[in-house]
Amino acid sequence: MSNFHLDIVTPDKPFFSDEVEMVIVRGIDGDLAILKGRAPITTPLRIGKVRVFQDGKERIAAISDGYVSVVDDKVTIITESAEWPDEIDTERAKAAKERAEDRLKNRRDNIDIHRAELALHRAINRLEVSQIKKFD
Ligand code: ATP
């Protein structure tokens, strides 16, 4: 399979920059599998998983929402956060999940429901991705 260049960039750091065979991201209209030669596109991404295929192997990272753009066989994912399974602090994610669930359950005054839902979604996504290493 032909390779193309993939960059995954977060505000903290360049998370990933290398040649890959395929990347699958979760766009707003569903999964988007990107191969070499794909037509240009820029589209928003959901909180979810990025599946990176390289040397016949697949790696999965958790990402927050962001954008993917494909231009001239260069694919760039810009996201608020990205972590590989072994970078995820599961206790932190569990605590974030409980905090968000508590906020949604109690719905106190001035609560930002949408913000709590996004925090819950990020935490659940991190917990799912953190499990992936156990099956390698
Ligand atoms: P928390 O409430 O625990 O901060 P959050 O979802 O609000 O969770 P983000 O704003 O998405 O956190 O991320 C802030 C930074 O912290 C990013 O660099 C992200 O990669 C990192 N991060 C957040 N949660 C975890 C985690 N469970 N394990 C490792 N890194 C994390």
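Everything below is about the structure printed above this text.
All figures in this text were calculated on a predicted structure; none of them were measured in a lab.

(A) Representation of the side chain of T43 in the model. Examined against the element boundaries, T43 turns out to sit in strand β5 (residues 41–45). Overall, T43 belongs to the buried group, its relative accessible area being 14%. Apart from residues no more than four positions distant in its own chain, T43 is found in contact with I28, L32, G66, Y67 and V68.

(B) Helix α2 (residues 113–132), seen in detail. Helix length check: α2 (20 residues) gives 29 Å between terminal C-alpha atoms against 28 Å at 1.5 Å per residue, within 8%. By the burial criterion, the buried members of α2 are A116, A119, L120, A123, N125, L127, V129 and S130. Buried residues along α2 sit against β6 (48–54), β7 (57–63), β10 (82–83) and α1 (90–106).

(C) Representation of α1 in the model. Between its first and last C-alpha, α1 extends 24 Å over 17 residues, near the 24 Å set by a 1.5 Å rise per residue. Listing the buried residues of α1 in full gives A93, A96, A100 and L104. Summarising the axial view, the buried residues of α1 lie within an arc of 65 degrees, below the 170-degree limit, and thus occupy one face. Away from its buried face, by an angle of more than 90 degrees, α1 presents the exposed residues E91, E98 and K105. In this structure, the buried side of α1 is in contact with α2. Its side-chain oxygen 3.1 Å from the backbone nitrogen of E91, D89 forms the N-cap of α1.

(D) Representation of the pairing of strand β2 (residues 14–20). In this sheet, β2 lies alongside strand β1 (residues 4–9) in antiparallel orientation, the contact comprising 6 bridges. Pairing of V9 across the sheet is with P14, part of β2. Hairpin connection, β1 to β2: the antiparallel pair is bridged by 4 residues.

Scoring rules and cut-offs
- Within each chain, residues carry numbers counting from 1 in the order of the written sequence.
- Thresholds applied to this predicted model are a pLDDT of at least 70 for local features of residues and 80 or more for the giving and counting of side-chain atom pairs; totals over whole chains, interfaces and linings are not thresholded and use all residues.
- Side-chain measures here rest on the full set of heavy atoms in the structure, leaving out hydrogens and waters.
- Counting from the N terminus, the helices are the DSSP runs of H or I reaching at least four residues and the strands are the DSSP runs of E reaching at least two.
- For every residue, the accessible area (1.4 Å probe, protein chains only) is compared with the maximum for its type, and the residue is labelled buried under 20%, exposed over 50%, or partly exposed between those bounds.
- Any pair of residues with heavy atoms lying within 4.5 Å of one another is described as a contacting pair.
- The span one expects for a helix is its residue count, reduced by one, times 1.5 Å.
- The directions considered for the arc are those from the helix axis to the C-beta atoms.
- Contacts described as polar in this section are N or O atom pairs within 3.5 Å, which, within protein, must combine one atom able to donate a hydrogen with one able to accept it, while residues neighboring in sequence count only if both atoms come from side chains.
- Pairing between two strands is assigned when DSSP locates at least 2 bridges connecting them.

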